[in-house]
Amino acid sequence: MAKNYLTGIKPTGKLHLGNYIGVLKNIKKIQEEGNCIFFIADLHALTLPIEPETLKQNSIDIACFYLAAGLDYNKSILFLQSQVSEHAELNAILQNYLYMGELSRMTQFKDKTAKTNNNSIGVGIFTYPILMACDILLYNCNVVPVGEDQVQHVELTRTLATRFNNRYGETFVIPTAQVNKVGKRIMSLSDPTKKMSKSDPKGDIFLKDDLKTIRKKIMSAVTDLGDEVIYDPINKPGISNLLTIYASLKDISVEEACNHFKDCHRYGDFKKEVADVVCEEIGKLQERYNFILENKEYLKALEIGKNKAKLLANKTLKRVKKKVGFIDE
Ligand code: ATP
Ligand code: MG
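Attention in this report is confined to the structure presented alongside it. (Residues numbered from 1 in each chain as written. Chains lettered and ligands numbered in written order. Predicted model: local features only at pLDDT ≥ 70, side-chain atom pairs only at ≥ 80, totals over all residues. Heavy atoms only, no water.)

Re the site of ligand 1
- Near ligand 1 there are 23 residues, and of these H16, K112, K195, K198 and S199 occur at the shortest range.
- A distance of 2.7 Å separates a nitrogen atom of ligand 1 from a polar atom in the backbone of I186.
- In this structure, a nitrogen atom belonging to ligand 1 sits 3.0 Å away from a main-chain N or O atom of M196.
- Burial of ligand 1 by the protein amounts to 98% of the accessible area it has alone, namely 600 Å².
- Here ligand 1 is seated within the largest cavity.
- Where the shell around ligand 1 is concerned, the elements lending two or more residues are β1 (4–9) and α1 (17–22).
- In the shell around ligand 1, the residues fall into five nonpolar, 11 polar and seven charged. (Near = heavy atom within 4 Å. Polar contact = N/O pair within 3.5 Å; in protein donor to acceptor, adjacent residues only side chain to side chain. Areas by Shrake-Rupley, 256 points an atom, 1.4 Å probe, with all protein chains shown as cover. 1 Å grid on protein atoms, 1.4 Å probe; cavity = no way out; pocket = protein on both sides within 12 Å on 5 of 7 lines; lining within 4 Å. Sits in = over half its atoms within 2 Å of the grid points. Helix = DSSP H or I, 4+ residues; strand = E, 2+ residues; numbered from the N terminus. Nonpolar A, V, L, I, M, F, W, Y, C, P; charged D, E, K, R; others polar.)

Concerning the layout of surface pockets
- Estimated volume of the largest pocket: approximately 580 Å³.
- What lines the largest pocket is a set of 19 residues, and nearest its centre among them are D111, K112, K194, S197 and D200.
- No other element matches helix α7 (residues 107–113), which puts five residues into the lining of the largest pocket.
- Taken together, 17 residues form the lining of the second largest pocket, with N26, K29, N180, K181 and D251 sitting closest to its centre.
- Those elements that place two or more of their residues in the lining of the second largest pocket are α2 (27–33) and α11 (237–250).
- Among the elements that make up the lining of the second largest pocket, the one with the highest residue count is α2 (four residues).
- When its residues are assigned to classes, the lining of the second largest pocket shows seven nonpolar, four polar and six charged.
- The residue makeup of the lining of the second largest pocket includes at least three contributed by each of domain 1 (3–183 + 296–324) and domain 2 (211–291). (Points joined across faces, edges and corners; volume = space filled by probe spheres on them. Domains from an automatic or database assignment.)

If you want it as structure tokens, here you go:
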């Protein structure tokens with residue numbers, strides 16, 4: 001079966017190494033394997049407070065980084081979610097087919113609102129998995145490349161699509177989450193028990209950090225008191241995270257990375273080698289990013305992408321409207 005991929009990033013903050021390893025790094029590969037749709041999930045970015053100008057800049061940044069990572073806009077589709085209104089329209093319909101209990105069980109909702117009083121939690125962050133399901137289902141995609149943190153939301157999308165199909169007959173393709181073997185969850189450098197995140201940026205390596213800063217952050221990453229470079233996420237989360245970063249950027253397995261460092265007994269030497277690899281890869285990415293930003297290449301990509309996305313999304317939306325009993329226009 002042909003592979004139809006879809007993946008999105010929220011413009012909630014500055015992109016980091018986790019976003020690169022989890023999503024951007026794989027663009028070239030999946031583009032060779034199937035049809036790809038990439039989008040900037042700007043509607044989702046409103047789920048937490050954000051300044052309008054910041055949202056705008058973050059959105060442009062993501063478009064440029066997608067392109068810098070190898071997105072070919074003549075082959076794949078790149079668009080801004082807010083410019084394809086079918087997402088919001090499908091959301092208004094599909095929100096009726098998931099239950100409060102199902103949404104309450106989403107760990108990301110629990111994590112992101114753990115420290116907030118219920119009276120100041122926006123409804124959008126609770127219902128966000130429904131909009132995410134709409135993003136996926138509108139394009140009949142069967143593979144959703146994501147970091148591990150998003151797997152639960154893709155599972156919920158499957159539940160929703162199956163429920164709808166059972167009720168109204170075959171309508172949606174049932175998607176599958178695809179998670180990297182290495183680098184499915186890059187951790188914070190300052191607290192390696194927590195995921196590297198845009199919205200909680202302590203310990204992030206940002207893709208726009210200058211290389212000196214990146215090197216400094218890696219050299220001062222939290223590790224442990226030992227001197228052995230081994231993969232043991234429970235007892236050595238910091239070292240394990242750096243090994244994962246090294247392995248994924250080198251395109252090798254974690255075992256191969258461990259083997260490479262088996263005779264290394266100084267964390268400083270180990271970190272220096274990790275920093276070299278990260279700086280080389282991110283340095284090249286930044287050069288392409290700067291060129292794309294300066295030449296405003298993203299504008300053309302987004303314009304072409306929006307039109308292609310609208311055609312596809314509208315077809316699905318029409319099908320859904322008919323199924324639920326809305327009268328044809
Ligand atoms: P936020 O904190 O606003 O949720 P985020 O850093 O989690 O931001 P998202 O926009 O939610 O980023 O996710 C974009 C993509 O990057 C998703 O596929 C997600 O699974 C992946 N991703 C995010 N963080 C990591 C990480 N630390 N390691 C691997 N993949 C990640
Ligand atoms: Mg996230």
